[in-house]
Structure formats: structure tokens, C-alpha cells
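Here is how the chains run, residue by residue.
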Amino acid sequence: MSAPDTVVLIHGFWVTPRSWEQWAEHYKKRGYRVLAPAYPGFEAEVEALNTDPAPIEKVTVEQIVEKLETLVRGLDEPPVLIGHSAGGVFVQLLLDRGLGAAGVAICSAPTKGVAVLPLSQIKAAFPVLRNPANRHRSVALTAEQWHYAFTNTFSEQESKLLYERYAIPASGAIFWDSALATLRPGHQSTYVDYHNDARPPLLFVSGGEDHLMPPKVQQSNARHYKSSSVTEVKEFPGMPHLLPAAPGWEEVADHALDWALAHAR
């Protein structure tokens, strides 16, 4: 098989594909075709989704994965899959289905069965989980909440600029379902087969200062994998959850892609 020439960047919650703008340009300059698909209904710009969050309220994990799976299966060759936050979960789900040449999950949310809950994560997700009624609506973060959860290593002024450029509400229903998934019997929407030997290689990347998805979450997620396929973890000290926009992101972007190319199959 020839080396992958396409990179698929999968965004997380509270942001859109715009959050990948620097990485997309960086990879294009390295000669790669870059695709950064939006979730179903998220094709609108950040400003439009903040004005009308109806698509955010309606979207489901199944719809997101179906769209991503259709995109990846339609490519001529398996791509490198790179996902951030919830996008890291979707990378794991796609890899579990045998899709992609290799995957990188950056500051990934946990898949089913990963029950570790650091205090900073509880505080960062509290705006959604504090009210059960949020299961039926979208939930936006305030600029202060965004600063704690996404951009805690930035100044307040820098964080506010990033908030205005990237932040949108998140689906309360998906957050609540994810939080309860480990407590429910059977396969839930974020289930993966941790013993799947056919799964392509997977790298977890974590930010040392990430409040929303701290390194312990990625470490626990990686330990759940018992297959013979390659699973590794790399931590970048000093990095927040919004790692794709943090100073030094170029080093992370190059490490992620180079690792994926070296392990692609």
C-alpha cells in the first residue's frame, strides 16, 4: 500500500471545523490533501450556529459517525484520521470499523468503559451536567467557562478572542449519554472493541494542562486496549484542551502526522 496522501481532521464539541484552520493549512503546505468535515447540520459558520443552534440540538453520535464513515469509505486510499476531543472518540470508532490507515486522538473524550473522572474534568463539564434539563437542548459556555475548559494557558484577552472565533454551543443530549454510557449495560454509541486486533494503529495525544480531558483520561483510555495493534500515548507539557490553537501547535501537528505515517497500514 502506498503512503497515505490524505488527512481527515475531525473536530470536537463546542467548536466547528474552523478550529482546524491552522493545521489544515500546515498539512496542505506539506503536500497533503486535507479534509475537515463538519458534523451533520454544522456546515454553517460559527456565527450562524450561535444564532440558531437547532442543528446542534438535533445531532446524534450515530449521525456523526455515519457521515464520517461514508466520507472515509468513499476515498481511494485509507487516510490518516486525526480527531480532537469528541473527534478523538470518532477516530476510535472509525478505526474499530477498520477504517483509516492510522489514527490520532488528541485530548480525546473517553469511549465507553473509561470511567476515570478527574476533578478538573468535572468542573469543566459542569455547565452541561449540572442540570438534567440540558439533555434536551444545546448548552453554550460563557467566556469564563471557556477559559477554564479550553484555553486555561492563555491570557483572558487571548482566550476571549479564541472564544469569539471558535466557540459554539454543544449538544446536551450527547454529553449526558456519554456520561451515562459506562453505567448502562450493553453496547452504547461510544463502544469500541478493545480486543480488535484488526484495528489500525492509534496514538493518544494529551495536553499536560488540559482541564476538560486531562492526560489521565487518555492514559486510561489507552490502557483499555488489549489488542495486538499499536496503541501509544504522547503528552505535551503545558498544553491546554484547545491544543490545535495553542502556541507550539506546529510541533504537535508534525508529531501526530509523522507518527501516523510511520505506523500506517
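Residues numbered from 1 in each chain as written. Predicted model: local features only at pLDDT ≥ 70, side-chain atom pairs only at ≥ 80, totals over all residues. Heavy atoms only, no water.

(A) Inspection of the environment of Ala101 at higher detail. Residue placement: Ala101 occurs in the loop between helix 5 (86–96) and strand 4 (102–106). Judged by relative accessible area, which is 0%, Ala101 ranks as buried. (Helix = DSSP H or I, 4+ residues; strand = E, 2+ residues; numbered from the N terminus. Buried < 20%, exposed > 50% of the residue type's maximum accessible area, 1.4 Å probe, protein only.)

(B) Fine view of the pairing of strand 1 (residues 6–10). Most of strand 1 is tucked away, with five of its five residues classed as buried. What you see with strand 1 is no split at all: Thr6, Val8 and Ile10 on one side and Val7 and Leu9 on the other are buried throughout. Pairing between strand 1 and strand 2 (residues 33–35): three bridges, direction parallel. In the strand pairing of strand 2, Thr6 is matched with Arg33. Taken together, strand 1, helix 1 (residues 21–29) and strand 2 form a β-α-β motif whose crossover is right-handed. Here four bridges tie strand 1 to strand 3 (residues 80–84), and the two strands are oriented parallel to one another. (Pairing = 2+ DSSP bridges. Right-handed = clockwise from strand over helix to strand, strands pointing away.)

(C) Local environment of the packing of helix 1 against helix 11 (residues 249–263). With their axes 11 Å apart at the nearest point, helix 1 and helix 11 run at an angle of 55° to one another. Between helix 1 and helix 11, the angle falls in the class oblique. Between helix 1 and helix 11 lies a crossing whose hand is right-handed. For the pair helix 1 and helix 11, the contacting residues are Gln22, Trp23, His26 and Tyr27 in the first and Trp249, Glu250, Val252, Ala253, Asp254, Ala256 and Leu257 in the second. (Axes fitted to C-alpha atoms, helices over the stretch in contact; angles between N-to-C directions. Parallel < 35°, antiparallel > 145°, perpendicular 65-115°, else oblique. Left-handed = near helix turned anticlockwise from the far one by under 90°. Contact = heavy atoms within 4.5 Å.)

(D) Local environment of the packing of helix 4 (residues 61–73) against helix 5. Contact geometry for helix 4 and helix 5: axes closest at 10 Å, N-to-C directions at 60°. Here helix 4 lies oblique to helix 5, going by the angle between them. Taken as a pair, helix 4 and helix 5 cross one another with a handedness that is right-handed. Residues Val61, Ile64, Val65, Leu68, Glu69 and Val72 of helix 4 form the contact with helix 5, whose own contacting residues are Phe90, Leu93 and Leu94.

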